[in-house]
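# Fold and geometry: a report
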Amino acid sequence: MTLEHGVPEKGDNVACISKVMDVATVAVIGGGTMGNGIAHVFALARFPVVLVDTKEEFLKRALATITDNMRRQTAKSILTPTLMNEALARLKLSAKLEDAAQSDIVIEAAPENLDLKRDLFAKLDNICAPRTILATNTSSIPIASLAAATKRGDRVIGMHFMNPVPVMKLVEIIRGRATSDETYETARGLTLKLGKVPACSNDFPGFISNRILMPMINEAAWALHQGVATKEDIDTVMKLGMNHPMGPLTLADYIGLDTCLAILKVLEEGFKDPKYKACPLFEQLVSQGRLGRKSGKGFYDY
Ligand code: NAI
């Protein structure tokens, strides 16, 4: 499948006074690493949230993670027990995509797979009211590729949260070619309501963040693969030498090695440039089930 991307027409990206849609209800699709964090921050910001995943066991795991993370925030006095309980009461779990129907905005956080996301966007387009904004948390897939699966390109946008969502301040907002000013301003306004900071990118594979981050992580994997140094030394050099809060291989384990591999493939295919070719270690580790922190093993054991 060809990936579509592009720069909005001149002037499209200039902030202008435009309507902002009222958002009262939110649906999050996918309760994994990112989806549970996104549901967490919206529930805390007083939005009723429906969290959708494919199986009850995944939903239970997501709720357990959200509860643990909120408890940790409570222990650090970031939250009170009352706020935590109120936020948890705003969360509804569902294994049916149809339960997203009543939401003003849907944030899709399913795995980084173009066909899966296109299928979800086509279904959501049929299920949701015409006014509903369909946002994606994709790390790299062009928004235009997902908008093309719907009949509402003006209401499709990227809202790329960072991991771990409750902690990280940035939301990268990606405007597709057809994204309306109203949709953009609504996504920006919501980001601010969550206490986060928006940064806007045009619609290119990997946007700003992963276009810059993934080649660094990939290079660290190549350095390990070619025997330049141990994983610990590679991470130490980047941590203490470059003042990064964590080394690139540790960060890759946080992101998920399957997700890193998927993003590198989108970059390579999207730009038709072999410089983005994933280090073979990613395929090897992923095929062994070493997906990073979420599976208990990645570059490191947890
Ligand atoms: P994950 O693998 O941890 O979670 C994905 C979840 O989606 C799983 O719970 C899975 O059961 C569920 N799912 C699969 N098919 C589904 C469907 N048809 N309907 C509903 N749920 C479905 O993946 P992760 O890491 O949370 O990534 C999600 C998205 O967020 C990806 O697009 C990824 O690129 C992006 N992202 C990931 C970051 C990270 O650090 N992991 C950072 C920023 C964005």
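Each value, and the rule that gives it
Residues numbered from 1 in each chain as written. Predicted model: local features only at pLDDT ≥ 70, side-chain atom pairs only at ≥ 80, totals over all residues. Heavy atoms only, no water. Domains from an automatic or database assignment. Contact = heavy atoms within 4.5 Å. Buried area = accessible area lost by both parts, 1.4 Å probe. Salt bridge = Lys/Arg side-chain N within 4 Å of Asp/Glu carboxyl O. Helix = DSSP H or I, 4+ residues; strand = E, 2+ residues; numbered from the N terminus. Buried < 20%, exposed > 50% of the residue type's maximum accessible area, 1.4 Å probe, protein only. Near = heavy atom within 4 Å. Polar contact = N/O pair within 3.5 Å; in protein donor to acceptor, adjacent residues only side chain to side chain. Areas by Shrake-Rupley, 256 points an atom, 1.4 Å probe, with all protein chains shown as cover. Pairing = 2+ DSSP bridges. Axes fitted to C-alpha atoms, helices over the stretch in contact; angles between N-to-C directions. Expected span 1.5 Å × (residues − 1).

For the protein chain, the domain assignment lists domain 1 (14-202) and domain 2 (210-288). A C-alpha centroid distance of 26 Å is found between domain 1 and domain 2. Facing the 8 residues of domain 1 at the interface are 7 residues of domain 2. Each partner contributes to the roughly 560 Å² buried at the junction of domain 1 and domain 2, and carbon and sulfur atoms together form 61% of this total.

A few words on the pattern of salt bridges. A full pass over the atoms with the stated rule returns 16 salt bridges. Linking lysine 265 and glutamate 283 is a salt bridge whose minimum nitrogen-to-oxygen distance equals 3.4 Å. In this pair, lysine 265 sits in helix 10 (residues 257-271) while glutamate 283 sits in helix 11 (residues 280-287), placing the two residues 18 residues apart along the sequence. On the accessibility criterion, lysine 265 (44% relative accessible area) is partly exposed. Exposure remark for glutamate 283: the relative accessible area of 42% places this residue in the partly exposed category. Between glutamate 268 and lysine 277 there is a salt bridge, and its shortest N-O distance comes to 3.9 Å. Among the residues examined, glutamate 268 registers a relative accessible area of 24% and is labelled partly exposed.

Let us now look at the site of the ligand. Neighbouring residues of the ligand: 26 residues in total, closest Asp53, Glu112, Lys117, Ser139 and Ile255. The backbone of glycine 32 places a nitrogen or oxygen atom 3.4 Å from an oxygen atom of the ligand. Across the complex, the protein chains shield 88% of the 830 Å² of accessible surface that the ligand would expose by itself. If you list the elements that add at least two residues to the shell around the ligand, you get helix 1 (33-44), helix 4 (114-127) and strand 6 (156-161).

A separate point is the sheet that holds strand 6. Strand order in the open sheet made by the 8 strands is 3-2-1-4-5-6-7-8, with mixed pairing throughout. Among the strands making up the open sheet, the edge pair consists of strand 3 (91-94) and strand 8 (197-201). Averaged over neighbouring strand pairs, the angle between their axes works out to 25° when direction is ignored. With 5 bridges joining them, strand 7 (residues 170-175) and strand 8 adopt parallel strand pairing. Within strand 8, the position partnered with valine 171 by the bridge is proline 198.

All right, on to helix 1 then. Spanning 12 residues, helix 1 covers 17 Å between terminal C-alpha atoms, matching the ideal 16 Å at 1.5 Å per step. Within helix 1, 10 of the 12 residues are buried, leaving the element largely enclosed by the surrounding structure. For helix 1, the complete set of buried residues consists of Met34, Gly35, Asn36, Gly37, Ile38, Ala39, His40, Val41, Phe42 and Ala43. Looking one or two residues past helix 1, arginine 46 carries a phi angle of roughly 75°, positive in sign.

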